[in-house]
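Fold and contact review
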There are 2 protein chains.
Amino acid sequence: MSYFRPNIEAMASYQPGEQPRGGEFIKLNTNENPYPPSPAVIEAIRRVAVEGLRKYPDPMATAFREQAARLLGVEPDWILAGNGSDDLLTIVTRSFVGSGEMIVAPTPSYILYRSLAEIQGASFAEVPFTDTWDLPDKFDSPGARLAFLPNPNSPSGTMIAPQRVRELAGRLHGSSPLVVDEAYTDFAEENCVSLVRDLENVIVTRSLSKSYSLAGIRFGYAVARPEIIAGMTKVKDSYNCDAVSIAAATAALVDQEHFRQNTARIRATRERMTAALRNFGFQLPDSQANFVWCTHGPAPARRLYEELKNRRILVRFMSYPGSGDGLRISVGSDAEVDQLLEELKKII
Amino acid sequence: MSYFRPNIEAMASYQPGEQPRGGEFIKLNTNENPYPPSPAVIEAIRRVAVEGLRKYPDPMATAFREQAARLLGVEPDWILAGNGSDDLLTIVTRSFVGSGEMIVAPTPSYILYRSLAEIQGASFAEVPFTDTWDLPDKFDSPGARLAFLPNPNSPSGTMIAPQRVRELAGRLHGSSPLVVDEAYTDFAEENCVSLVRDLENVIVTRSLSKSYSLAGIRFGYAVARPEIIAGMTKVKDSYNCDAVSIAAATAALVDQEHFRQNTARIRATRERMTAALRNFGFQLPDSQANFVWCTHGPAPARRLYEELKNRRILVRFMSYPGSGDGLRISVGSDAEVDQLLEELKKII
């Protein structure tokens, strides 16, 4: 007999991305940053390790909130820290969507949104992007209690302009919050954080995993109006962020010079990589993220994925029903990208 | 208008325990360990800080699972790591209890269980402990989908003998899992981990916060049969534990000599503290945890709490409808406990 809820019983087991431990791989499959975090982060962790382990952490991560608020020009009570931005996506789902209610998200997109709906016992409506990765005019689904919009989107790396997101949020106003998932925004030219001032139903989520090179510590945050943040606070685990990661994330935000150099390098490599892959005959939409989405007419994506893996280069093979296959390739260091291009040349 | 679910809207805001930042307090209010963690933990954190931050952590915390499994004499797939044992209590709630279904727990006990029910939109049945902190014969509530049993219990510090827990689990078998919350078990003489071998509905949860002096890193684990662990894995956030805390928790488990000395000191101080408080006229049940639960006929608990706070000593004032007031006092270092007794002598 099973004690599990029927929706949990029916779910597929989670398949984590490939994280080879040991062996030398060039990892371009999980959008990790190839460069180390700020030295100030390492120093902050060392300090906490000596004096901050035996006591509970600050439940509201006040030091981080204050730093993030300063950076974004809002008050600290507009910020909620999370154990990775996935924690915040879980919190919004549990805050706004009851069992049997509906979540809407575009497709192809981040597969976690569907899992969150399944765990919650909610239904999930997918609205396909247009051929140019734009939003269809009717993105909102009647009766949905929550909408997710990853911006930039994964796997495409494409962005919906803030003005278009503002229009969408306005249409959803009064019926559902719109979560603008900005996990990749620090590699883009624009973002939607200013929308939270004008629209009470906009929640922006961010991650320090990619642009601050901190996937290992799990840290993200949400930006929204204080009444939204206060409600979400009820739903989070009491001590959802630990003392080490709060100190690390705060130190990372303080060192904006390191952040700017790091993200500028990624963007420069991304442009070079995009041009080279197009020269090889790949189709790529312009990416605003730290990865590119490649399809190639003659060469099947799965074969390229496997041949690259044989050559110790991991990229992400993705297959979406109705939208076909492709490779999502993270922007690595210049040396890693050179080797990728070298190997690809031999196999396409 | 509110976008929140009605159950979230109706919840009280979370009130974190007092964590004074700055100022010199003797903190005996949140059951933190007064002694530092193993030096091996600090060393492990330093190593990860240098090399492990930019990549995602191992989603299953394999190194920790293997170490915990070795310690408990089970296989690694009997263990699930969590971002504090609160994360695991959240996971079991979302795994087994649908909206409108019921959770049962004893009272007075850990207040989080009710919050978890409220967030899930579930009902919550409280079964009072007997006057001697024993389980009533009818602990189980018909139709409950999940039962929590903190053992040792907070605030009482008392324990239900494993044989009695086995009988309870047997009665619940076929209708609901029994979560034995062993956050404080490392200060007790017995525990229930062996029950998971025989009873598929028993889930034991543990915390490294207290006995390993690691409240700051948020780490706990569940022990249950592999099919239960596999189902709970679907519900957890993909990367619920970070790389730093996985390394720290693993190193802590390895250093069992430090653990034994640390917990033995706490137990010795607890016995001395218990005898002294009884001499002062307090009523205390025998504690198997790292705190004691004190009531005092003539002196109201709230006044003692406030006068101690004025003297820079924080203890936890707790008031339970129907069961009265009391002070839950954590076992501090010998010097801290001496000062507590000194000040108490002046005010009772």
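Computed from a predicted structure; not experimentally measured.

Parameters at a glance
- Going along each chain's sequence as written, the residues are numbered from 1 onward.
- Written order decides the labels, with chains lettered from A and ligands numbered from 1.
- In keeping with the model being predicted, local features are shown solely for residues with a pLDDT of at least 70 and side-chain atom pairs are shown and tallied solely at 80 or more, while totals for entire chains, interfaces and linings include all residues.
- Whether a residue is buried, exposed or partly exposed follows from its count of other C-beta atoms within 10 Å of its own C-beta, namely 20 or more, 12 or fewer, or something in between, respectively; the C-beta atoms are built from the backbone.
- Strands are runs of DSSP state E lasting at least two residues, helices are runs of H or I lasting at least four, and both sets are numbered from the N terminus onward.
- When DSSP finds two or more bridges between two strands, those strands count as paired.
- Think of each axis as a best-fit line through the C-alpha atoms, taken over the contacting stretch in the case of a helix, with angles from 0 to 180 degrees between the N-to-C directions.
- Roughly parallel means an angle under 35 degrees; roughly antiparallel, over 145; roughly perpendicular, 65 to 115; everything else is oblique.
- Note: crossing handedness is left-handed where the near helix turns anticlockwise from the far helix by less than a right angle, and right-handed where it turns clockwise.
- Any pair of residues counts as being in contact when their C-beta atoms, constructed from backbone geometry, are within 7 Å of one another.
- Ten residues, namely Ala, Val, Leu, Ile, Met, Phe, Trp, Tyr, Cys and Pro, are considered nonpolar, four, namely Asp, Glu, Lys and Arg, are considered charged, and the remaining ones, Gly among them, are considered polar.
- Under the convention used throughout, the expected extent of a helix is 1.5 Å for every residue step, that is, one less than its residue count.
- Think of the arc as the fan of directions from the helix axis to the C-beta atoms.
- Among buried residues, those of type Ala, Val, Leu, Ile, Met, Phe, Trp, Tyr and Cys that are joined through C-beta atoms within 7 Å form a set called a nonpolar core.
- The superposition of copies rests on a least-squares fit of C-alpha positions from residues with pLDDT of 70 or more in both.

1. Quick notes on the pairing of strand β7 (residues 202-207) of chain B
Residue and element names in this part refer to chain B. In terms of residue burial, β7 counts as a mostly covered element, since 6 of its 6 residues are buried. Relative to β7, strand β6 (residues 178-181) runs parallel, the two sharing 4 bridges. Within β7, the position partnered with Val180 by the bridge is Val204. By the bridge criterion, 4 bridges tie β7 to strand β8 (residues 220-223) in an arrangement that is antiparallel. By the bridge assignment, Thr205 is partnered in β8 with Ala222.

2. As for the packing of helix α4 (residues 85-96) of chain A against helix α5 (residues 112-120) of chain A
Residues and elements named next belong to chain A. Where α4 contacts α5, the two axes come as close as 10 Å, and the packing angle between them is 40°. When the axis of α4 is compared with that of α5, the two are oblique. Handedness of the α4/α5 crossing: right-handed. Packed against α4, whose contacting residues are Asp86, Leu89, Thr90, Thr93 and Arg94, the element α5 presents Leu112, Leu116 and Gln120 at the interface. In terms of residue class, the contact of α4 with α5 is made up of 3 nonpolar, 3 polar and 2 charged.

3. Let's talk about the sheet that holds strand β10 (residues 313-320) of chain B
All names here are of chain B. If you walk across this open sheet you meet the 4 strands as β1-β10-β11-β9, and the pairing is mixed. Two strands close off the open sheet at either side, each with one partner strand: β1 (26-28) and β9 (291-294). Neighbouring strand axes in the sheet, compared pairwise and without regard to direction, differ in orientation by 30° on average. Bridge analysis of β9 against strand β11 (residues 324-330) gives 4 bridges, and the strand direction is antiparallel. Residue pairing for β11: Trp293 is matched across the bridge by Arg328. Where helix α12 (residues 334-347) meets the sheet, it contacts β1 and β10, and its direction lies at approximately 90° from that of β1.

4. Focus on α12 of chain B
Residues and elements named next belong to chain B. Relative to the 20 Å expected for 14 residues at 1.5 Å per residue, α12 spans 20 Å between its end C-alpha atoms, a close match to the ideal helical length. Those residues of α12 not exposed but buried are Val337, Leu340 and Leu344. Looking down the long axis of α12, one finds its buried residues gathered within 55° of arc, a one-sided arrangement. Away from the buried face of α12 by more than 90 degrees, exposed residues Ala335, Glu342, Lys345 and Lys346 are located.

5. Observations regarding the nonpolar core
Taken as a class, soluble globular proteins show a tendency for nonpolar side chains to be buried jointly. Core analysis: the largest hydrophobic core is formed by 170 residues, its most contacted members being Ile45 and Ala248 of chain A together with Ile45 and Ala248 of chain B. Excluding residues that lie within four positions of it along the chain, Ala248 of chain B makes contacts with Val41, Ala44, Ile45, Leu214 and Ile217 of chain B.

6. Comments concerning the interface of chain B and chain A
Buried accessible area, meaning the area lost when the parts come together, often serves as the stated size of an interface. In this complex, chain B contributes 63 residues to the contact, which on the side of chain A involves 63 residues. Those elements that provide at least two residues to the side of chain B that touches chain A are α2 (39-51), α4 (85-96), α8 (226-235) and α9 (243-254) of chain B. Residues that form the side of chain B that touches chain A fall into these classes: 29 nonpolar, 21 polar and 13 charged.

7. A closer look at the relation of the copies chain B and chain A
Relative to chain A, chain B is turned by 180° and slid 0.0 Å along the rotation axis, the superposed coordinates differing by an RMSD of 0.0 Å. Taken together, the turn and the small shift mark the pair as related by a two-fold rotation axis. Comparing contact sets, 100% of the residues at the interface of chain B also lie at the interface in chain A, consistent with an isologous, same-surface contact.

8. Focus: the packing of α2 of chain B against α9 of chain B
Helix packing geometry: the angle between the two helix axes and the distance between the axes. Residues and elements named next belong to chain B. For the pair α2 and α9, interaxial distance at closest approach is 8 Å and the crossing angle is 150°. The orientation of α2 relative to α9 falls into the category roughly antiparallel. Judged by the twist between their axes, the crossing of α2 over α9 is right-handed. Seen from α2, the contacting residues are Ala40, Val41, Ala44, Ile45, Arg47, Val48 and Ala49; seen from α9, they are Ala243, Val244, Ala247, Ala248, Ala251, Ala252 and Val254. A class-by-class count of the residues in the contact of α2 with α9 yields 13 nonpolar, no polar and 1 charged.

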